[in-house]
Amino acid sequence: MIEQSAASEAVEVEDLTAAELLSAAREARVAENAAAARQLDLATRWADLHPPESIHAAATFTVPSCEHEEPIAGDGCPLVAEFCIAELGAVLGVSTTAAKRLVGHALELRHRLPRLWAQVHAGAVPPWRARAVAEATIHATPALTVDAARWVDTQIAAVAGKVGPAQLDRLVTEAITRHHLATPDPTADPEDGHLTVDPRHATVHDEDVHYAGTMRLEAELDIADALDLDRALAHGAETLKALGSTVSLDARRAAALGDLARTQTALDLHTQSMHSGDTSITNAARGDTRRNVDGLPAAREVVLHAHFDAAFTPDGETLFEPTGRLEERQRLLLLDQLRSWCADTRTKVTVKPVIDLNTDLTAPGYAIPDRIREQVILRDRTCVFPWCSRPARSCDIDHVIAYDHHADAQDRHQPGPTATHNLAALCRTHHRLKTHTTWHYRAVEPGAFEWTSPHGHHYRRDHTGTSRIGPPDPSHRPTVPRPRRP
């Protein structure tokens, strides 16, 4: 029925005039915005149904490289049970993190940016623009109070639907900045009120990787730091040119910045070895978070895992495919790029033996040996929860069927053996969700899993991604979540 409807619409579109096509495009955009506005409203209603309870903590964002967490919406918004977010994300076909952003933006708009919320539902402001404003007010530094957010809302709501995205971003930033300047930190020197907002940052945009294997780095530096860095990059670019590099000046400056980073890491490792012996180098290579004798954080080596398919010629030569996969963030990797890394004298190359992913490895007891852990990581690649993309190497390895610690002592069959077929990679968030809620899954074949949500939705997750399995069971009733284990 859906295919027939789509076919008839295609025929109708082919008969439209230029003016009618523009009108149809406009109607489609209006319908799209209305649907997105309704989705925001539904997200707030889902949040209203799931306040935190004794067995559920409030949903938060874990801040990378930090020891604190951020709420999904600003001060004055209601808290939301952490585990309810995953089911909303699954039915929408997005990750749990993306679902947190949706719910957080919706609550931020409804409770702290009511004018903008009204404009969205009146069709005057596209929901995606309103969400961009909400993202800025949620994560503003210093944090915005309810009154501060309302003040920003007053400044922005009237023009949010009339300006372009870049101009809107500037207006939001200016509004937040003007409010901070008007209400400086009471503990700071009044003459230094203009310094209460510190714009300095250095951000690597690792979610946007170019096909050539590059990432964008954005930074706001102190003037002196910026000038010093500029001189260092100019010197590094000239040095590379003198050594025979024929690439452009911009490319040489970029390479010089990487050289600075590697040189600094090497100096840190050398300094620590001078103070505390070779153990500091070993700790750094393992990613140890212990600190050195000077109280400074231990330097860390950057470890990358590259995977390339290879074939063997009759004369014994190994031929690698020109493209492979970088395990970190699941990115495309060029063989020529890998060769350039290996040519650097500061690169340590470790070649591991090939692991047959089709072999079912087993081990006695509950502990997972390294060889089985590595096999599961290579097979699953990411967390196997629907739509999750967290790299498997940073995940827990979960027994799909729980290991019975009393089976051996009672001479019973072990229902959840430590074997490849009964193991899966789960990030810490979804491991906790599987343990403490009625989400459950089963392995249907090596590397393929079927999940069932508390409301009876079914999903299949394998190496190709996530797909829905039929409609939800109408007779299914959500069960009460399991209490936390003592």
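Note that this is a predicted model, so its numbers are computed, not measured.

Rules of the game
- Residues numbered from 1 in each chain as written.
- Predicted model: local features only at pLDDT ≥ 70, side-chain atom pairs only at ≥ 80, totals over all residues.
- Heavy atoms only, no water.
- Helix = DSSP H or I, 4+ residues; strand = E, 2+ residues; numbered from the N terminus.
- Buried < 20%, exposed > 50% of the residue type's maximum accessible area, 1.4 Å probe, protein only.
- Contact = heavy atoms within 4.5 Å.
- Areas by Shrake-Rupley, 256 points an atom, 1.4 Å probe, with all protein chains shown as cover.
- Pairing = 2+ DSSP bridges.
- Salt bridge = Lys/Arg side-chain N within 4 Å of Asp/Glu carboxyl O.
- Axes fitted to C-alpha atoms, helices over the stretch in contact; angles between N-to-C directions.
- Parallel < 35°, antiparallel > 145°, perpendicular 65-115°, else oblique.
- Nonpolar A, V, L, I, M, F, W, Y, C, P; charged D, E, K, R; others polar.
- Polar contact = N/O pair within 3.5 Å; in protein donor to acceptor, adjacent residues only side chain to side chain.
- Core = buried A, V, L, I, M, F, W, Y, C linked by side-chain atoms within 4.5 Å.
- pLDDT = per-residue confidence, 0-100.
- Phe/Tyr/Trp six-rings, centres within 6.5 Å; stacked < 30°, edge-to-face > 60°.

### Here's the deal with the overall build of the protein
- Broken down by element type, the protein carries 14 helices and 17 strands.
- The buried share of the protein, reckoned over its 486 residues, is 33%.
- Sequence-distant contacts in the protein: of pairs separated by 6 or more residues, those separated by 24 or more amount to 54%.
- Carbon and sulfur atoms form 56% of the exposed surface of the protein, whose accessible area is close to 30100 Å².

### What about the pairing of strand 17 (residues 465-468)?
- Relative to strand 17, strand 16 (residues 458-462) runs antiparallel, the two sharing four bridges. Its bridge partner being in strand 17, Asp 462 is matched across the sheet by Gly 465.

### Overview of helix 14 (residues 428-436)
- For helix 14, the complete set of buried residues consists of His 430, His 431, Leu 433, Lys 434, Thr 435 and His 436.
- Turning to helix 14, the residues buried within the fold contact helix 3 (84-92), helix 4 (96-112), strand 11 (396-399), strand 13 (423-426) and strand 14 (440-445).

### Some thoughts on the pattern of salt bridges
- Applying the stated criterion across every chain, the model contains 16 salt bridges.
- Between Asp 336 and Arg 339 there is a salt bridge; the shortest N-O distance is 3.0 Å. Taken as a pair, Asp 336 and Arg 339 lie in helix 12 (residues 335-343) at a separation of three residues, close to a single helical turn.
- A salt bridge links Arg 379 to Asp 380; the shortest N-O distance between them is 2.8 Å. Judged on exposure class, the residue Arg 379 and its partner Asp 380 are both buried.

### Remarks on the sheet that holds strand 14
- On the basis of which strands lie adjacent, the open sheet formed by four strands has the order 14-15-16-17 and antiparallel pairing. The open sheet has two edge strands with one neighbour each: strand 14 and strand 17. In this sheet, neighbouring strand axes are inclined to one another by 25 degrees on average, regardless of whether the strands run parallel or antiparallel.
- The pairing of strand 14 with strand 15 (residues 448-452) spans five bridges and is antiparallel. Looking across to strand 15, one finds that Arg 442 is bridged to Glu 450.

### A look at the sheet that holds strand 5 (residues 306-307)
- Spatially, the three strands line up as an open sheet ordered 5-8-9, and their pairing is antiparallel. Looking at strand neighbours, the two that pair on one side only are strand 5 and strand 9 (331-334), the edges of this open sheet.
- By the bridge criterion, two bridges tie strand 5 to strand 8 (residues 323-326) in an arrangement that is antiparallel. Directly across from Ala 306, in strand 8, lies its bridge partner Leu 326.
- Where helix 12 meets the sheet, it contacts strand 5 and strand 9, and its direction lies at approximately 70 degrees from that of strand 9.

### Side note on the packing of helix 4 against helix 6 (residues 127-138)
- The interhelical angle for the contact between helix 4 and helix 6, taken along N-to-C directions, is 85 degrees, at an axis separation of 9 Å. Between helix 4 and helix 6, the angle is such that the two are roughly perpendicular. Within the contact between the two elements, helix 4 uses Arg 101, Leu 102, Gly 104, His 105, Glu 108, Leu 109 and Arg 112 and helix 6 uses Ala 130, Arg 131, Ala 134, Glu 135, Thr 137 and Ile 138.
- For the contact of helix 4 with helix 6, the residue count by class is five nonpolar, three polar and five charged.

### Brief notes about the side chain of Thr 418
- Along the chain, Thr 418 turns up in strand 12 (residues 418-419).
- With a relative accessible area of 1%, Thr 418 lands in the buried category.
- A polar contact is formed between the side chain of Thr 418 and the backbone oxygen of Gly 365, at a distance of 2.6 Å.
- Looking at Thr 418, its side chain comes within polar contact range of the main-chain oxygen of Tyr 366, at 3.4 Å.
- Sequence-distant contacts of Thr 418, defined by excluding residues within four places in its chain, comprise Leu 361, Thr 362, Ala 363, Gly 365, Tyr 366, Ala 367, Ile 368, Ile 372, His 399, Tyr 403 and Leu 423.

### Describing unusual backbone geometry
- Here the residue pair Thr 141 and Pro 142 is connected by a cis peptide bond, since its omega of -5 degrees sits within 30 degrees of zero.
- By the secondary structure assignment, Pro 142 is in the loop between helix 6 and helix 7 (146-157).
- With a phi close to 70 degrees, Arg 381 is a non-glycine residue in the positive phi region.
- Among the secondary structure elements, Arg 381 is positioned in the loop between helix 13 (370-380) and strand 11.

### Observations regarding the environment of Pro 369
- Here Pro 369 shows up in the loop between strand 10 (362-363) and helix 13.
- Taking C-alpha positions, Pro 369 is 9.2 Å from Thr 418, a pair spaced 49 residues apart along the chain.

### Focus: the environment of Arg 432
- Topologically, Arg 432 is positioned in helix 14.
- Measuring from C-alpha to C-alpha, the distance between Arg 432 and Phe 83 comes to 8.9 Å, with 349 residues separating the pair along the chain.

### Considering the nonpolar core
- Counting 40 residues, the largest nonpolar core has Val 80, Val 103, Leu 109, Leu 116 and Ile 156 as the members making the most contacts within it.
- Elements with a contribution of two residues or more to this core: helix 2 (18-48), helix 3, helix 4, helix 5 (114-121), helix 6, helix 7 and helix 8 (165-182).
- With residues near it in sequence (within four places) discarded, Leu 116 still touches Leu 109, Val 125, Ala 130, Val 133, Asp 153, Ala 157 and Ala 160.
- In terms of nonpolar packing, the next biggest core, distinct from the first, is built from 28 residues, Ile 368, Ile 377, Ile 397 and Tyr 459 among them.

### Quick notes on the confidence of the model for the protein
- Looking at the protein as a whole, the pLDDT averages 81, with 79% of positions reaching at least 70.
- The secondary structure element of the protein with the lowest average pLDDT is helix 11 (residues 279-285), at 36, and the one with the highest is strand 13, at 97.
- Low pLDDT, under 50, characterises residues 188-195; the stretch is placed with three contacts to residues that sit more than four places away or in other chains.
- In this model residues 480-486 is a low-confidence stretch, pLDDT under 50, and it forms 23 contacts with partners more than four residues away in sequence or in other chains.

### A few points about the packing of aromatic side chains
- Counting across every chain of the model gives seven aromatic pairs.
- Ring geometry for Tyr 441 against Phe 449: centres 5.8 Å apart, planes inclined by 45 degrees, an arrangement best described as tilted.
- Looking at Tyr 441, the relative accessible area reads 7%, which means it is buried.
- On the accessibility criterion, Phe 449 (1% relative accessible area) is buried.
- A connected cluster of aromatic rings, assembled from ring pairs, spans Phe 385, Trp 439, Tyr 441, Phe 449, Trp 451 and Tyr 459.

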